[in-house]
Amino acid sequence: MAEVFHTKELKLQWDHTIEADKVLEVLDEHCTIIHQILKRVWPAAQRDIVYASHKQKLDESPTPDWIVCNKSCEHMTVPRGTSGYCRAEIEVVLYCKTVVEGEGSSTTDRRNIRCDIVYSATVNPGGWAPSSAVRAISQREYPKFLKKISEFAQNHVKNTPMKF
C-alpha cells in the first residue's frame, strides 16, 4: 500500500486528479520533492502543489509497518506565484500496518494478510474557495480515494511474490 501511494509511476495509474507530476529533486532513496499539477475543477482556478514525499519502514519485523508523509515545501525551480497555478498546501500521512491473520499463519499466503491503514490529510486549496464547497468535495472524494487506492493496491500485488 505504501509503495502504491508513494511511487510516482504507480500513483499516476490510480490517482486521476493529477494532470502532471515531475520529480524536482531526489533527496535520498526514501525522499523526493515533487511538483504536481492537478486537473482543473471548474469553476475554480487550476492548482499545483510542491511537496516532499518520504516513505519509511518503521521496524525490522517480518511484517514491518510503513509510513508515507507528504508535506508542502518550497523549491527554487518552481517558486510560488511563477507557475501560473494557484498553489495548494498539503500535510498528508499514510500509515500502513501489515496484519497476519490466524495464529501460526503463513506470511506467504495473501489470504492471511491484510493491511490496516490510517490516513490523515490536511489540504489548503489556496486562493479563495467557499469552505462549504471544500467540505462537500472532501466528504465525497475521501471515501472514493480510499476505495480506489485499496482496489488498485490489491490488483497490483495479486500475482506477485510477497515483499515487505
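It should be noted that the structure appears before, not after, this text.
Numbering of residues begins from 1 in every chain and follows the order in which that chain's sequence is written. The model is predicted, so local features are restricted to residues of pLDDT at least 70 and side-chain atom pairs to those at 80 or more, both for listing and for counting; the totals for chains, interfaces and linings are taken over all residues. Heavy atoms from the whole structure form the basis of all side-chain values; hydrogens and water molecules are not counted.

1. Here we look at the overall build of the protein
- Strands here are runs of E lasting at least two residues and helices are runs of H or I lasting at least four, both read from the DSSP assignment and numbered beginning at the N terminus. When you go through the protein residue by residue, the secondary structure sums to three helices and seven strands.
- Taking the principal axes of the C-alpha coordinates as reference, the protein spans close to 55 × 35 × 25 Å.
- In the protein, which comprises 164 residues, the share counted as buried stands at 33%.
- Two residues qualify as a contact provided that any one of their heavy atoms is within 4.5 Å of a heavy atom in the partner residue. Taking contacts inside the protein between residues at least 6 apart in sequence as the whole, the part at least 24 apart equals 49%.
- His residues and chain termini do not enter the charge count, which takes Lys and Arg as positive and Asp and Glu as negative. Charged groups are reduced to one reference atom each: NZ for lysine, CZ for arginine, CG for aspartic acid, CD for glutamic acid. Distance between charge centres in the protein, computed from 22 positive and 21 negative side chains, equals 7 Å. When accessible area is computed with a 1.4 Å probe and restricted to protein chains, residues below 20% of their type maximum are described as buried, those above 50% as exposed, and intermediate ones as partly exposed.

2. Looking at the layout of surface pockets
- Think of a 1 Å grid over the protein atoms and nothing else: a 1.4 Å probe that fits but is trapped marks a cavity, an open set flanked by protein within 12 Å on at least five of seven lines marks a pocket, and residues with an atom within 4 Å of a point count as lining. Grid points are joined across faces, edges and corners, and a volume is the space filled by probe spheres set on the points. Taken as a whole, the largest pocket holds about 1400 Å³ of empty space.
- Taken together, 39 residues line the largest pocket, and the ones lying closest to its centre are T17, L38, V123, I137 and E141.
- Broken down by secondary-structure element, the contributors of at least two residues to the lining of the largest pocket are α2 (8–14), β2 (31–38), β3 (47–57), β6 (89–100), β7 (113–124) and α3 (131–157).
- Ranked by the residues each element gives to the lining of the largest pocket, the list is headed by α3, at ten residues.
- Here the nonpolar group is Ala, Val, Leu, Ile, Met, Phe, Trp, Tyr, Cys and Pro; Asp, Glu, Lys and Arg are the charged ones; every other residue, Gly included, is treated as polar. Tallied by class, residues from the lining of the largest pocket come to 24 nonpolar, six polar and nine charged.

3. A look at the pattern of salt bridges
- One speaks of a salt bridge when a side-chain nitrogen belonging to Lys or Arg is within 4 Å of a carboxyl oxygen belonging to Asp or Glu. Enumeration over the complete set of coordinates arrives at ten salt bridges.
- One salt bridge connects K57 with E60, and the closest N-O pair in it is separated by 3.6 Å.
- Take K57: its relative accessible area is 28%, and that puts it in the partly exposed class.
- The shortest N-O distance in the salt bridge between R114 and D116 comes to 2.8 Å.
- Judged by relative accessible area, which is 35%, R114 ranks as partly exposed.
- What makes D116 partly exposed here is its relative accessible area of 31%.
- Each member of the salt-bridge network shares a partner with another, and the members are E74, R80 and E89.

4. As for α3
- Here, expected helix span is obtained from the residue count minus one, scaled by 1.5 Å. With 27 residues, α3 should reach 39 Å at 1.5 Å per residue; the first-to-last C-alpha distance of 38 Å fits that figure.
- Here α3 has its buried residues at F145, I149, F152 and A153.
- Buried residues belonging to α3 abut α1 (2–6), α2 and β7.

5. Re the packing of aromatic side chains
- Side-chain rings of Phe, Tyr and Trp, where Trp is taken by its six-membered ring, are said to pair if the distance between their centres is within 6.5 Å; with planes under 30 degrees apart they count as stacked, over 60 as edge-to-face, and otherwise as tilted. Taken as a whole, this structure holds five aromatic pairs when the rule is applied.
- Measuring from centroid to centroid gives 6.1 Å for F5 and Y119, while their planes differ by 80°, and the two rings are edge-to-face. Taken together, the residues F5 in helix α1 and Y119 in strand β7 connect sequence positions 114 residues apart. Each member of the pair, F5 as well as Y119, carries the same accessibility label: buried.

6. Let's talk about the environment of L10
- Among the secondary structure elements, L10 is positioned in helix α2.
- According to the relative accessible area criterion, L10 is buried, its value standing at 9%.
- When the C-alpha positions of L10 and F152 are compared, they lie 9.1 Å apart, and in sequence the two are 142 residues distant.
- If near-sequence neighbours (up to four positions away) are discounted, L10 is found in contact with E3, V4, F152 and H156.

Interpretation note: all reported values are geometric properties and have no functional meaning in isolation.
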